[in-house]
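Here is what each chain is made of, one letter per residue.
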Amino acid sequence: MIRTLWNGIAATRLQSADGASALIADHGAHLLSWIPAGGAETLFLSGHTRFGENDAIRGGVPIIFPQFGERGNGVRHGFARTCGWRLDFAGTKEEQTLARYVLTDTDTKNLAWPHRYRLTYEVAIGGQQLQLRLTVQNPSDTTWQFNAALHTYLRVQDIAAVSVDGLRKVSYIDQVRNGDRAVQADAPLCFGGEVDRIYVGTPDTVQLRDVGRMITSDQLGFPDTVVWNPGAQKAALLSDLTPGAHASFVCMEAAAVELGIALAPGESWRGEQILTLHGDEAPQR
Ligand code: TA6
């Protein structure tokens, strides 16, 4: 483990014995890079991202908590992605190379969200796998609800050649069509423009096929899956993306969006996203 600086932000670099690596910014406990053993970068990170104190980083894995998008009274996608998290552990534990970050209400005073909470986030790497584990605890004496997501930006070679499978016949909320409900066809999802869908009550495994490789995303605890690509027109309006960058990523998000998760006093919830890289896969359309 090495403590380092990324654009002036304190960060942790992990390196596993088999050569996998990861870089995590303290700001948002934001995973910026994941390189599997013997492989190449798997995450997209915008060359025009902002990295100011109150900015959300564009790319990597933003942690969305306690609200998703505009579904709440607080800041868009919640405050967790713009707070400074505390590094609690980095190193090897039970044969896993991991970093653990913590954020509690005492770290984030004066928020519009008035509850006592404790978030623990673990990033574990090794071989061809990345494990992301978010735990939400309620140490207070009242019940509260939250939404959460791991807003994972996967780097792709060319969006036009990408397909996402595992969501056939699953119902979704179409954010491009005023939140209308629709059902995924009995076919993989392809990208010919803006896609912004909250698949509800999804299977545990989703596959992304790109030129010459496949990534599986397994999720535990998270009931929904969000798939997002802004398409060329919407991307041109996002000033923190370089021109044409929409062709280089797909967000595959393990999420709890449609129904809030309620935590009674003393309760905790855990959600995981596990990404596995499978090389040399012929793209299937
Ligand atoms: O997860 C998809 C989404 O909610 C989209 O609607 C899209 O706007 C994206 O998140 C990015 O949001 P951001 O606040 O990071 O610009």
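Residues numbered from 1 in each chain as written. Predicted model: local features only at pLDDT ≥ 70, side-chain atom pairs only at ≥ 80, totals over all residues. Heavy atoms only, no water.

Draft legend 1. Representation of the site of the ligand within the structure. Surveying the vicinity of the ligand reveals the residues Arg-58, Phe-68, Arg-76, His-77, Arg-81, His-151, Gln-175, Asp-196, Val-226, Trp-228 and Glu-253. A distance of 3.0 Å separates an oxygen atom of the ligand from a polar side-chain atom of Arg-58. Asp-196 places a side-chain nitrogen or oxygen 2.5 Å from an oxygen atom of the ligand. Considered on its own, the ligand offers 390 Å² of accessible surface; in the complex 86% of this is hidden by protein. Among the detected pockets, the ligand sits in the largest pocket. Split into classes, the residues belonging to the shell around the ligand amount to three nonpolar, three polar and five charged. (Near = heavy atom within 4 Å. Polar contact = N/O pair within 3.5 Å; in protein donor to acceptor, adjacent residues only side chain to side chain. Areas by Shrake-Rupley, 256 points an atom, 1.4 Å probe, with all protein chains shown as cover. 1 Å grid on protein atoms, 1.4 Å probe; cavity = no way out; pocket = protein on both sides within 12 Å on 5 of 7 lines; lining within 4 Å. Sits in = over half its atoms within 2 Å of the grid points. Nonpolar A, V, L, I, M, F, W, Y, C, P; charged D, E, K, R; others polar.)

Draft legend 2. Spatial organisation of the sheet that holds strand 1 (residues 2-6). In space, the four strands of this open sheet follow the order 1-2-3-4, with antiparallel pairing throughout. With one partner strand each, in any of the chains shown, strand 1 and strand 4 (30-35) form the two edges of the open sheet. Within this sheet the neighbouring strands show an average axis-to-axis angle of 25°, counted without direction. In this structure, strand 2 (residues 9-15) lies alongside strand 3 (residues 21-25), joined through five bridges in antiparallel fashion. Opposite Arg-13, over in strand 3, you have Leu-23 as the bridge partner. (Pairing = 2+ DSSP bridges. Helix = DSSP H or I, 4+ residues; strand = E, 2+ residues; numbered from the N terminus. Axes fitted to C-alpha atoms, helices over the stretch in contact; angles between N-to-C directions.)

Draft legend 3. Representation of the side chain of Glu-272. Following the sequence through the fold, Glu-272 ends up in strand 21 (residues 268-279). With residues up to four places along the chain from it excluded, the contact list for Glu-272 reads Leu-132, Arg-133, Asp-218, Gln-219, Leu-220, Phe-222 and Ala-254. (Contact = heavy atoms within 4.5 Å.)

Draft legend 4. Highlighting the layout of surface pockets. Counted as a void, the largest pocket has a volume near 500 Å³. Along the walls of the largest pocket sit 25 residues, with Arg-58, Arg-76, His-77, His-151 and Trp-228 positioned nearest its centre. Residues that form the lining of the largest pocket fall into these classes: nine nonpolar, four polar and twelve charged. In this structure, the second largest pocket encloses a volume near 280 Å³. Lining the second largest pocket are 15 residues, and of these Pro-66, Gln-67, Asn-73, Gly-74 and Trp-113 sit closest to its centre. (Points joined across faces, edges and corners; volume = space filled by probe spheres on them.)

Draft legend 5. The pairing of strand 3, seen in detail. Of all five residues making up strand 3, five are buried, and the element is well covered by its neighbours. Side chains Ser-21, Leu-23 and Ala-25 of strand 3 all project onto a buried face; the interleaved residues Ala-22 and Ile-24 project onto the opposite face, where all are buried too. Linking two consecutive strands that pair antiparallel, namely strand 2 and strand 3, is a turn of five residues; a positive phi of about 100° is found at Gly-19 within it. One ladder, built from five bridges, connects strand 3 with strand 4; its direction is antiparallel. Paired with Ile-24 across the bridge in strand 4 is Leu-31. Counted along the chain from strand 3 to the antiparallel partner strand 4, the turn is four residues long, and its residue Gly-28 has a positive phi close to 80°. (Buried < 20%, exposed > 50% of the residue type's maximum accessible area, 1.4 Å probe, protein only.)

These figures capture arrangement, not role.
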